[in-house]
Amino acid sequence: MSAALIATADIAYAASNVVYTIEPAPPVAGKYHTIFTTELVQRKKEATKNIFDQTPELHILLANQDPFSKLHSENAKGALVSVLTTSKTLIPAIPHLYKLANDKSATVIHVAVECNPATNLGDYTDIMAVRQTGFAMLVSTGGQETMDIALIAHALALKTGVPVLHFFDSHAPKLASSAASISSVSSIKSTTSEYEKLTYFGNDIIKRLLPEADIVKYKESRQASEGDYQKEIYFRPVKDATVETDSNEKFDYFATAEEIFRRFKSNSARSYHCLEFIGSPEANSLLITLGSGSVLVQQTVKKYPSLKIAIIKVRLYRPWPEKLLLNAIPKSTEKIAILEQVTKRTIKWTPLYLDVIASFQNRELWTGEIPMVTSGQYGLLDENLIDNAVLAVFENLALSEPRKDFIFGRFQSPKELQSINSVEPVGFIKPPALETSYLKMLQEIFSDRLFIANATSKGNVGHLETLQSTPEFGFGVLISKLQNRTRFAELVSQLVKNPSIDISEPLHSVLSLWLLHKEDAELSKSYGNSAIDLLIESHQTHPILHKIFEHKDQFIKPAQWLVGSDAWSYDIGGSGVHHVISSGKDINLLIIDSQPYTKRTAADPEKRKKDIGLYAMNYGDVYVASVALYSSYTQVLHALIEAEKFQGPSIVLAYLPYHSENDTTITVLQETKLAIDSGYWPLYRWNPALEKEGKEPFTLDSERIKQDLQAFLDRENHLTQIVNTNPELSSLLTSSLEAEIASRQKLRAKSAYEKLLDGLTGPPLLILFGSDNGNAEGVARRLQKGAVARGVNARCMAMDEYLFEELPTEKNLVFVVCTAGQGEFPQNARDFWKTISSTTDISLLETRYTVFGLGDSHYWPREEDKIYYNKPGKDLDARLELLGGQRLLHLGLGDDQDPDGYETGFQAWEPELWKSLGVKLLGSVVEEKSKTDDDLKVESRFLRGTIVQGLEDTSTGALSEADTKLTKFHGIYQQDDRDLRDERKAQGLEKAYSFMVRVRVPGGVSTSDQWIAMDEVATNYSSGSLKLTTRQAYQLHGVLKRNLKSAIRGINKCLLDSLAACGDVNRNVMCNPNPYLSEIHGQVYEFSKKLSSHLTPQTSAYHEIWLDDKLVAGQAVQDYEPLYGPTYLPRKFKIAIAVPPNNDVDVFAHDLGFIAISDENGKLVGYNVSVGGGMGMTHNNKKTYPRLGDIIGFCTPEQGIEVAEKVMLVQRDFGDRTNRKHARLKYTIDDRSVEWFVEELEKRLGFSLQPKRQYTFENNADRYGWTQGVNDNWHFCMYIENGRVKDFPSAPIKTGLREIAKLHKCDFRLTPNQHLILGNIAETDKPEIEALLKKYQLDNLQFTALRLNSMACVALPTCGLAMAESERYLPTLVEKLESTIEEAGLREDAITIRMTGCPNGCARPYVAEIAFVGKAPGTYNLYLGGGFQGQRLNKLYKESLKEDEILKELRPILHRYVKERVDDERFGDFVIRMGYVNATTAGKDFHD
């Protein structure tokens, strides 16, 4: 459609004195955003002349600067003015449009209508919003017609003095089945080459349509009326056929329009009219429409001339051609369908429909019977089904009672699959299937008892295609089924009570028992099966027995369900939902609500959803549950089971939000979390049966609860009981509006107070920062101190903390802003930027400003990505200038690639700032020594800090920053749910704070009791799942502050702890858990436990804080750390022990590694010692890098503990304590040399290490499946994807493992690759374990070797360091790679593949053969060439790749690997041999 845009711009240029083009935003790199502007600027550069032999004035306006206000002055001068814009600018322009129409100008506005992605047609909603402004309105359908109507619009405006709005689609419509444009069904072309095919008008032709006489007459009329305008009359629509000119002449507007159409035809041979009638003149059924969609419809009508159907296309929409329309409609017409390209928002009836209905009320023009009129909207049309869709509309009209509101075509969004007002679509393809997750759960829980009444396929309920649309249908089916079973029970009762019928005593007994328990699912089945066995022999002896046997399927109590969507909630009282609720029958409803939380306000206001759950609870004896599969599988499971057991109606409201069927699970998960956290979708269960037992019927399973639900609970006098039991509940009731008001009042008060203090003396300076990692804030604080030292009153705060409305009152502004992600503003500056980038209501003419930006010029190395470098700073600087701000100083840029990082740029920029402000240093800047982490440790009194006080503070879910550093030593990380940040911020709530608790498991081995305990802690106090980490520890996520103590007590009760699981200490000691070399493994495991115990911090703070051991009074006794001292280590310290030939612990990736060495008899003789490994680094900082450890010698088993201690103490004493990014042992060794380290170590040991011994590593993977150890016990290693233990619909992992643990017949061993070994299973116990593994689908190892060797860190949404997804995304990426793996024949070939959300390396990505390291959302660095045995680092292959680029890069390499590898060549070795990357020989060479 670009040709239509170019042609329209050319017509406007030629026919106008002044041309305005409206841009959505300032140009980028000299390039404009619209084709309109690009074409006009080119014309201007070429000095092209218009019809007046002049170069017209060209003004480029911005959409957010009230552009239409600029038009009035030119119109007053009598200039011929044209405007080129998009439909998005019209709503704010309404007041100006009224004024322009009132002034009777010849202005022409050409509007390119934005495409509606749901229909691929132009969305005329905004056009219709301005239809009453007094503008004449012409519509064209693209291509040549748009060019023609553009010229006609100018001629009409000039002739009548009525401004014209000409609108057309900005893009060619596309059909659903292909990318083909509308040209496939019409003559319209939509490619850029189309311009050459248009018949272009020279100025001579244009002058014939705009004759000199009309131009002179118009300008004279403007001059005559100058200074004598009518009083401005706004809101005066032009709707009459008769129009009065400035000279009081009257004329027929439509006659004038037709005359111009005729004049155009004489000059072009192309014919147009105000209306166009196509079809049978004796039509019974008629379709009225306008716009680009009409071309689709008219093609079909032309194909069927024998049918009495027709279409009227409206071309001149305003003034409304009422008389022409009624004259055009055949008198034979009985029914009319109106078809419109609009999106319903706040009105029930659409504009064109109202126009047509109103026309028939003119009984002077229409004297016959008024036809029935229906209304429809365009949907997404399938190219091959256009004719069917059109004919379906006419078939609908042929019905005795046609549907009056329909969608023509097929919408893309699942929420829009139903027609308006829940009427089945006309001419639709059937909607896609409902998401089957909940249906699969029903099938798994109730199996052969399940009966879904409204399923079209009863035999395959696990793969339903469609469900009947109304609850009435299913209700009728279930009532019939209940009645049948009741009659069956009466028949059995009649048999049992009739002594004249001879039946055996066993049959009589079992039938009697069945009658007593027929409503019990298990017992009815048990007694029923026994009865059936007995009836097989005797059912022929009596007619009643025979009839009972014929209907034997009635013995089993069915699980009867109706399944529907949230469409059922629009009219509860008048629908079948009410009948189910009020029936008292044992019927279950599962209602799936798929409306995304972020789209909750976009629903049609005429169709407000009712709360079915609240309605049912108010009604009475009804079980109600509100569940969400992507929040809590267990809660859904409980709810479905409870609902089916409940004797009476039950309703389960199930949340499954998605925008389209292509949504990823991440999107569904994020939408679910937003809904639950905000209280929009609370999780609860209401079981009236419990009330009869004297128990509380209401169970709240989520943290928040809707206020409507609270009101119900208050009224039922249940909330008081709940709050008494759970006092914290009352503070969790959501009231976002009040929170927002309170937040704004707090900001205003804070701002006023700071101004009062800072306004006492000196010139004012406001410093605002946007900072993610603290650097920008640090620069801002330094500027504030420097300003104070120079006598400047300076305030400093985050951009989002500032009250934006006061910005124009500031005299001097300094902004310091860092760059996040792909050129995004940091979290605490996004709201400020969102406001300032869109506002047009402020002026900064009295404000001086400057900006300093922080970024990394190499972070996005590709040429097309360089725009991201310091983008927030650059955008903010440009925006402030646009708002009239006076630049105080040029934009300053700090670059991490400079020798001193951003300091290089800042040191050059800062003196210029003080010079621009005209201030000098009055004394000296007193730099307060910032506290280091070591200072914090010393002041913490051996890790106590103010943690106790922070836990008692109920005003926040967080701890102080200092305490969060200390809690790491206790194994606790403060986090917040990043999926919820923006929404909670918008609600005025603090972040969704929670804590991650990491539990040490030395050697990875825990007992069955410990597994059960961890399962219970996870269920009761965390998000419900267990995370098995890459370092053989447990992690609990989502632990709220108030639950921390309870969680840690539960952990310690089972003899585990979280002390030293994090922090600057030795952390969890890893060792090989694979017990097929059990004799060595036993010794190594004991060594790992002793080593862990020996290096554990000795402070009693852990027990005092979390286990309530009493604090020692006074200072008489103080803690003492014999190994660590008060400052502990410079950074974390990690130890791993490997047992060759398996290197699953990646022994070289740790600060200290022990490699077990055995003799020829398989006996342990000692360990090779490796030092200096570590994975962490920083993107684009070559001073940071991963490193593999160096083997420095051999020690005996007896020397192992002492060697470990002394290695750690050397690092304690010589590690860098000034730069935490340089504080790991790997840098200490590289700074000083391996030789120095060995000398220092041996000096402390008092003996020398022996030369290293020979060993062989074969791989670093887990050994899956069953393995028998040397003691004949069995071990089963299972695959747990990314270590996440939770219940999934297809695999109830958490439940299955809990059931296995309850047997107490195995131990649980956490592998270094995030999987699990069930160890030490006796031969006699193996069958029982195997049965449970099979039952819970835990024995499934039928995965590709690529997936079995994959590993990911947690990353989003809880890790504060994550830049991209990892755990939630890697399975999806692996799935997409697996198609290539299968094609290439690599299904069984192991390739290590790992992903992390940031460069810190928690999943040890830098030793993987293929690794992805997150750089920004959806963007990863790709590394290749790691060693399969964990013996070699990989190297960066390509930077900043998105998913499609990753697949494009890897697929050909994998195919080539199959064809060109040598025998036994691993993938990592292959990519090096083929030159994709160079081998990394040392950590320092990693970036080369």
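So, a few notes on the structure that sits alongside this text. (Residues numbered from 1 in each chain as written. Predicted model: local features only at pLDDT ≥ 70, side-chain atom pairs only at ≥ 80, totals over all residues. Heavy atoms only, no water.)

1. Here's the deal with the pattern of salt bridges
Taken as a whole and judged by the stated rule, the model has 80 salt bridges. Of the charged contacts, one joins Arg981 and Asp976 as a salt bridge, the two residues approaching to 2.8 Å between their closest N and O atoms. In this pair, the class of Arg981 matches that of Asp976, namely buried. Taken together, the salt bridges that share partners define one network made up of Asp933, Asp934, Lys937, Lys965, Asp1064, Arg1217 and Arg1220. (Salt bridge = Lys/Arg side-chain N within 4 Å of Asp/Glu carboxyl O. Buried < 20%, exposed > 50% of the residue type's maximum accessible area, 1.4 Å probe, protein only.)

2. A few points about the sheet that holds strand β43 (residues 1284-1285)
Spatially, the five strands line up as an open sheet ordered β31-β32-β35-β34-β43, and their pairing is antiparallel. Each edge of the sheet is formed by a strand with only one pairing partner; in this case those strands are β31 (972-976) and β43. Strands β31, β32 (993-999) and β35 (1034-1039) of the sheet are contacted by helix α37 (residues 1044-1053), whose axis makes an angle of about 15 degrees with β32. (Pairing = 2+ DSSP bridges. Helix = DSSP H or I, 4+ residues; strand = E, 2+ residues; numbered from the N terminus. Contact = heavy atoms within 4.5 Å. Axes fitted to C-alpha atoms, helices over the stretch in contact; angles between N-to-C directions.)

3. Examining the pairing of strand β38 (residues 1152-1158)
Burial within β38 is extensive, with six of its seven residues counted as buried. Sheet topology note: the β38/strand β39 (residues 1164-1171) ladder contains seven bridges and is antiparallel. Pairing of Ala1156 across the sheet is with Tyr1167, part of β39. Hairpin connection of β38 to β39: five residues between the antiparallel strands, including Gly1162 at a positive phi of 80 degrees.

4. Some details on helix α14 (residues 386-398)
Because an α-helix packs 3.6 residues into every turn, residues spaced three or four apart end up facing the same way. Taking 1.5 Å of rise per residue, 13 residues should cover 18 Å, and α14 covers 19 Å from first to last C-alpha, within 8% of that figure. Within the span of α14, buried status applies to Ile386, Ala389, Val390, Leu391, Ala392, Val393, Phe394, Asn396 and Leu397. Packed against the buried residues of α14 are β12 (285-289), α11 (293-303), β13 (309-314), β15 (335-340), β16 (372-378) and β17 (405-408). (Expected span 1.5 Å × (residues − 1).)

5. Focus: the packing of aromatic side chains
Geometry of an aromatic ring pair is reported as the spacing of the ring centres plus the angle between the planes. One pass over the structure, following the stated rule, counts 47 aromatic pairs. Ring geometry for Tyr859 against Trp860: centres 5.4 Å apart, planes inclined by 75 degrees, an arrangement best described as edge-to-face. Taking the relative accessible area as the measure of exposure, Tyr859 reaches 14% and is therefore buried. Judged by centre distance (6.2 Å) and plane angle (75 degrees), the ring pair of Phe1148 and Phe1257 falls under edge-to-face. Taken together, the positions of Phe1148 in the loop between β37 (1135-1138) and β38 and Phe1257 in the loop between α42 (1234-1245) and β41 (1265-1268) put the pair 109 residues apart, joining distant regions of the chain. Across the pair, exposure class does not vary: Phe1148 and Phe1257 are buried alike. Members of the aromatic cluster, each reached through a chain of ring pairs, are Tyr597, Tyr655, Tyr680 and Trp681. Stacked on the ring of Phe549, the Lys or Arg Lys552 has its end atom at 4.4 Å from the ring centre. Above the face of the Phe1428 ring, Arg1466 is positioned so that its terminal group lies 3.7 Å from the ring centre. (Phe/Tyr/Trp six-rings, centres within 6.5 Å; stacked < 30°, edge-to-face > 60°. Lys NZ or Arg CZ within 6 Å of the ring centre and 35° of its normal.)

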